[in-house]
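The lines below spell out each chain.
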Amino acid sequence: MQLKVSPLGTIEVVLPKNINAKHVPLFVAEHQHWIEQTQKQMAALYPPEELLPGSLNFAATNQQWQLKYCEGKRARVAEINNSLTVYSQDDNGAQKALQQWLNRRADETLIPWLHNVSNELKLTFKRAIVRAQKTRWGSCSSNGTISINRALLFMPPETVRYLFIHELCHTKEMNHSPRYWAFVESHMPGYQQHEQILSKGIRLIPRWALIT
Ligand SMILES: [Zn+2]
């Protein structure tokens, strides 16, 4: 059996096929101490009041929303103009619906944007994926796959553009040599300020958006 504690502190028990569910209460009781410790860690890492935010601001696209939370059988997010209504049965469901909504928005926004910059610079890549990551803004693999962090939605648009240029330049230079940086500079003079924004940027991202 496997125990998981969500950022909201709820517990999930994963049962292997051959294990009877009647063993769950004892299993949970035996791990009570671990559960409580992990719940405390989660609460410190993800303050509960920040997990279901009241408002949302994408600096990248200059979009703002007010959020409302309502009871609903099926977890989903409904968007009308500048308001989002999150329907769910409980807080955990609301958190999941919000995560999925963010993933979808990141896909719809960042991937076409990366394609535009790629066309403009005539630097091509094979595939792009958007991921939830805590420590990296992006990466480019030797087979031409560019990964981008969905949290870029919370960064200023010029900084997002820089990150795209950074990764696209890696399709020609798979390193951070002086030649690579000169290549970046040729596409974006003054790129260093965006490196600085990104290096501090994780702190500007709402906690709930860093859950992976
Ligand atoms: Zn790099």
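Residues numbered from 1 in each chain as written. Predicted model: local features only at pLDDT ≥ 70, side-chain atom pairs only at ≥ 80, totals over all residues. Heavy atoms only, no water.

1. Side note on the layout of surface pockets
The test is simple: For cavity detection a 1 Å grid was placed over the protein atoms alone, and a set of points counts as a cavity when a 1.4 Å probe fits there but cannot get out; an open set counts as a pocket when protein lies on both sides within 12 Å along at least five of seven lines, with lining residues being those that have an atom within 4 Å of a point. Grid points are joined across faces, edges and corners, and a volume is the space filled by probe spheres set on the points. Only DSSP runs of H or I with at least four residues qualify as helices, and only runs of E with at least two residues qualify as strands; both kinds are numbered from the N terminus onward. Three classes are used, and their members are as follows: Ala, Val, Leu, Ile, Met, Phe, Trp, Tyr, Cys and Pro are nonpolar, Asp, Glu, Lys and Arg are charged, and the others, Gly among them, are polar. As annotated, the domain borders come from an automatic or database domain assignment.
In this structure, the largest pocket encloses a volume near 340 Å³. Counting only elements with at least two residues in the lining of the largest pocket, the list comes to strand E1 (2-5), strand E2 (11-14) and helix H4 (91-121). Residues of the lining of the largest pocket, tallied by class, amount to 6 nonpolar, 8 polar and 4 charged. The residue makeup of the lining of the largest pocket includes at least three contributed by each of domain 1 (2-45) and domain 3 (103-210).

2. Thoughts on helix H7 (residues 192-201)
Think of an α-helix as 3.6 residues a turn; residues three or four steps apart then line up on the same face. Put simply, the rule is: Working definition: with a 1.4 Å probe on protein chains only, accessible area under 20% of the residue-type maximum means buried, over 50% means exposed, and in between means partly exposed. It is the directions from the helix axis to the C-beta atoms whose arc is reported. Here, two residues are considered to be in contact whenever any of their heavy atoms come within 4.5 Å of each other.
Burial in H7 covers these residues: His194, Leu198 and Gly201. Projected onto a plane normal to the axis of H7, the buried residues spread over an arc of 60 degrees and lie on a single side. Away from its buried face by more than 90 degrees, H7 exposes Gln196 and Ser199. Where H7 is buried, its residues touch helix H5 (157-169).

3. Some details on the domain arrangement of the protein chain
What counts is decided by this rule: Buried area is a sum: the accessible area each of two parts loses on coming together, probed at 1.4 Å, counted once for each and added.
Each domain of the protein chain was delimited in the assignment, giving domain 1 (2-45), domain 2 (49-92) and domain 3 (103-210). Distance from the C-alpha centre of domain 2 to the C-alpha centre of domain 3: 26 Å. Listed as interface residues are 12 residues of domain 2 and, on the opposing side, 12 residues of domain 3. Interface of domain 2 and domain 3: buried area, both sides summed, is about 970 Å²; carbon and sulfur atoms make up 64% of it.

4. Observations concerning the packing of H5 against H7
Just so we agree on the cut-off: Every axis in this analysis is a line fitted to C-alpha atoms, fitted for helices over the stretch in contact. Angles between the N-to-C directions lie between 0 and 180 degrees. Reported orientations rely on four angle classes, namely roughly parallel under 35 degrees, roughly antiparallel over 145, roughly perpendicular from 65 to 115, and oblique for the rest.
Relative orientation of the contacting elements H5 and H7 amounts to 100 degrees, with a least axis distance of 9 Å. Comparing their axes, H7 and H5 come out roughly perpendicular. Only His194, Glu195, Ile197 and Leu198 of H7 make contact with H5, whose side of the interface consists of Glu158, Thr159, Tyr162, Leu163 and His166. For the contact of H5 with H7, a count of residues per class yields 4 nonpolar, 3 polar and 2 charged.

5. Overview of the pattern of salt bridges
How we decide: The rule for a salt bridge is simple: a side-chain nitrogen of Lys or Arg has to be within 4 Å of a carboxyl oxygen of Asp or Glu.
Counting across every chain of the model gives 4 salt bridges. Residue glutamate 108 is joined to arginine 105 by a salt bridge in which the shortest nitrogen-to-oxygen separation is 3.9 Å. Highlighted residues: glutamate 108 and arginine 105, both in helix H4, separated by 3 residues, approximately one helical turn. Where arginine 179 meets glutamate 173, a salt bridge forms, and the shortest distance between an N and an O atom there is 2.7 Å. Classification of arginine 179 by relative accessible area gives exposed; the value is 61%. What makes glutamate 173 buried here is its relative accessible area of 11%. Salt bridges linked by common partners bring Glu79, Arg105 and Glu108 together as one network.

6. Quick look at the nonpolar core
Formally: Here, the term nonpolar core denotes a set of buried Ala, Val, Leu, Ile, Met, Phe, Trp, Tyr and Cys residues that are joined through side-chain atoms within 4.5 Å.
Among the nonpolar cores identified, the biggest contains 55 residues, and Leu56, Leu110, Ile148, Leu152, Phe154 and Phe164 are the most heavily contacted of them. Those elements that provide at least two residues to this core are strand E3 (55-58), strand E4 (63-71), strand E6 (83-88), H4, strand E7 (127-131), strand E9 (145-149), H5 and helix H6 (178-187). With 12 residues, the top contributor of residues to this core is H4. Residue contributions to this core reach at least three from each of two domains, namely domain 2 (49-92) and domain 3 (103-210).

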